[in-house]
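Here is what each chain is made of, one letter per residue.
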Amino acid sequence: MTMAQTTYAAPVDVLLSLGDKQLSKWPDYLTQFNLTTADIPELIRMATDSDLNWADSEGLEVWAPLHAWRSHTYRTPAKETEWQFDQSFAKSPLPTTAFPSP
């Protein structure tokens with residue numbers, strides 16, 4: 001297989017280069033990559049991108065859907081009370097938790 005050719009907007013695009021590092025310990029995706037609620041549609045698009053999910057297993061980009069899913073569901077104890085259920089993504093194949101408000 002060849003490298004996936006789909007492009008993504010910043011800051012979501014950085015997830016394409018993470019590969020399988022940080023799989024055992026989740027990074028603070030929200031802080032480390034400056035993700036906000038505005039990035040949720042792009043994260044969902046990445047997590048469900050069939051080209052990425054079936055990309056070359058030796059490439060970095062095959063891991064991007066997993067990082068996108070993690071980013072979409074990530075929360076920290078300090079931010080737990082700020083998180084709200086986001087019904088606009090109820091039909092999404094991903095969990096429907098939204099990012100905290102900036």
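Before reading further, recall that the structure is shown in the block above.
Scope of this entry: the structure provided in the associated data block. Numbers given to residues run from 1 along each chain, matching the order in which its sequence is written. Reporting in this predicted model follows two pLDDT cut-offs: at least 70 for local features of residues, and 80 or more for side-chain atom pairs to be given and counted; totals over whole chains, interfaces and linings ignore these cut-offs and use all residues. Water and hydrogen atoms play no part in the side-chain values, which are based on all heavy atoms of the structure.

Brief notes about helix α2 (residues 40-47)
We apply this condition: Summary of the burial criterion: residues with accessible area below 20% of their type's maximum are buried, those above 50% are exposed, and those between are partly exposed, where the area comes from a 1.4 Å probe applied to protein chains only. Runs of H or I in DSSP of at least four residues are treated as helices and runs of E of at least two as strands, each being numbered from the N terminus. Contacts: residue pairs with any heavy atoms within 4.5 Å of one another.
By the criterion of burial, α2 is predominantly enclosed, with six of the eight residues buried. When α2 is considered as a whole, its buried residues turn out to be I40, E42, L43, I44, M46 and A47. Of the surrounding secondary structure, the elements contacted by the buried residues of α2 are α3 (50-53) and α4 (64-73).

Some words on the environment of L52
Following the sequence through the fold, L52 ends up in helix α3. Sequence-wise, L52 and P65 are 13 residues apart; in three dimensions their C-alpha atoms are separated by 6.8 Å.

A few points about unusual backbone geometry
Here the bond from A10 into P11 is cis, since omega is 5°, no more than 30 degrees from zero. The phi angle at N34 is positive, at roughly 55°, despite the residue not being glycine. Along the polypeptide, N34 turns up in the loop between α1 (29-32) and α2. Taking the relative accessible area as the measure of exposure, N34 reaches 57% and is therefore exposed.

Comments concerning the environment of I44
Considering the arrangement of structural elements, one finds I44 in helix α2. Residue classification places I44 among the buried positions, given a relative accessible area of 13%.

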